[in-house]
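# Descriptive analysis of the structure
Letter by letter, the chains look like this.
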Amino acid sequence: SGDIEKSQHFYQDYLNGKPSYDRGNIALYRLGTIYEQSRSFAIALRYYNLLLDRSPNSLLAQNAKFGQAICFFELEQYDQAEKLFTGIAYSHPDVNKKWKARVYLGKLDQKQLDHKNAIEKLKAIYSHSEAKDARNQAKDIIDQIIKKNLTKVELIGLSKKYSSGFPADQILLRLISV
């Protein structure tokens, strides 16, 4: 935490020194990520917004939008998060971020208690993603939903939809233990 505070002060001092346009953008992005990582999401959003106002079409802007989406998600502003994650899922130049955005879209459904859609979206990630982290995250979230969020009736309905493979095995195991 001491290093984070030093970094925050360094970048804020750096911005006060009127750096070049590109370096200023980098400083704004890094401040956004520092505040995001320290869970100060509203402050992180301010820095991401400043960057996007200055340079809306840069590669950094794509990453700032991803950071914004995470901040909105964490602040439970799900409509804004969904819009950004949907755009990122289809247009971000980094394939891993596209898949992570799709995972967040599944998590949004989970947060809004739409477990059926969450499982469907996350299963598609699990089945099609080449990004190992996204696959593992999708699997873990599906497992969590099945173990903690579904009623017996919902489990029976899903067992009919997913009759073999993943997540059918988890659903059947959960049905046995209910």
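Below is a short write-up of the structure. This structure is a prediction, so every number in the text was calculated from the model and none was measured.

Reading the values: the criteria
- Residues numbered from 1 in each chain as written.
- Predicted model: local features only at pLDDT ≥ 70, side-chain atom pairs only at ≥ 80, totals over all residues.
- Heavy atoms only, no water.
- Helix = DSSP H or I, 4+ residues; strand = E, 2+ residues; numbered from the N terminus.
- Buried < 20%, exposed > 50% of the residue type's maximum accessible area, 1.4 Å probe, protein only.
- Contact = heavy atoms within 4.5 Å.
- Areas by Shrake-Rupley, 256 points an atom, 1.4 Å probe, with all protein chains shown as cover.
- 1 Å grid on protein atoms, 1.4 Å probe; cavity = no way out; pocket = protein on both sides within 12 Å on 5 of 7 lines; lining within 4 Å.
- Points joined across faces, edges and corners; volume = space filled by probe spheres on them.
- Nonpolar A, V, L, I, M, F, W, Y, C, P; charged D, E, K, R; others polar.
- Salt bridge = Lys/Arg side-chain N within 4 Å of Asp/Glu carboxyl O.
- Axes fitted to C-alpha atoms, helices over the stretch in contact; angles between N-to-C directions.
- Parallel < 35°, antiparallel > 145°, perpendicular 65-115°, else oblique.
- Left-handed = near helix turned anticlockwise from the far one by under 90°.

### Focus on the overall build of the chain
Along the backbone of the chain there are 10 helices and 0 strands. Helices and strands appear in the chain in the N-to-C order α-α-α-α-α-α-α-α-α-α. The 178 residues of the chain split such that 43% are buried. For the chain, restricting intrachain contacts to residue pairs at least 6 apart in sequence, the fraction spanning at least 24 positions comes to 45%. Counting only carbon and sulfur atoms, one obtains 49% of the accessible surface of the chain, whose full area is about 10300 Å².

### A closer look at empty space enclosed by the protein
Using the criterion set out here, one finds 1 cavity of 30 Å³ or more in the structure. As a volume, the largest cavity reaches approximately 30 Å³. As for the largest cavity, its lining consists of Glu 82, Leu 105, Leu 108, Asp 109, Gln 112 and Lys 121. The element best represented in the lining of the largest cavity is helix H6 (residues 95–111), accounting for 3 residues. For the lining of the largest cavity, the residue count by class is 2 nonpolar, 1 polar and 3 charged.

### Structural notes on unusual backbone geometry
The residue after Phe 166, namely Pro 167, is reached through a cis peptide bond having omega 5°. Examined against the element boundaries, Pro 167 turns out to sit in the loop between helix H9 (152–161) and helix H10 (168–177). At Glu 76, a position not held by glycine, the phi torsion is positive, near 60°. Of note, Glu 76 is situated in the loop between helix H4 (59–74) and helix H5 (78–91).

### Looking at the side chain of Asn 63
In this fold, Asn 63 is placed in helix H4. Classification of Asn 63 by relative accessible area gives buried; the value is 16%. Leaving out residues up to four positions away in the same chain, Asn 63 has contacts with Tyr 29, His 92 and Lys 97.

### Section: the pattern of salt bridges
One pass over the full model with this rule turns up 4 salt bridges. For Lys 121, the salt bridge is made with Asp 109, and the minimal N-O distance between the two is 2.8 Å. Here the residue Lys 121 occupies a position in helix H7 (residues 115–128), and Asp 109 occupies one in helix H6, the gap between them amounting to 12 residues.

### Some thoughts on the packing of helix H8 (residues 132–148) against H10
At a minimum axis distance of 10 Å, the contact between H8 and H10 shows a crossing angle of 25°. As judged from the angle between their axes, H8 and H10 are roughly parallel. Remark: the crossing between H8 and H10 carries right-handed chirality. The segment H8 lies against H10, with Lys 139, Asp 143, Ile 146 and Lys 147 engaging Gln 170, Ile 171 and Arg 174. Grouping the amino acids of the contact of H8 with H10 by side-chain chemistry returns 2 nonpolar, 1 polar and 4 charged.

### Quick word on the side chain of Gln 68
Mapped onto the fold, Gln 68 is located in helix H4. For Gln 68, a relative accessible area of 8% gives the class buried.

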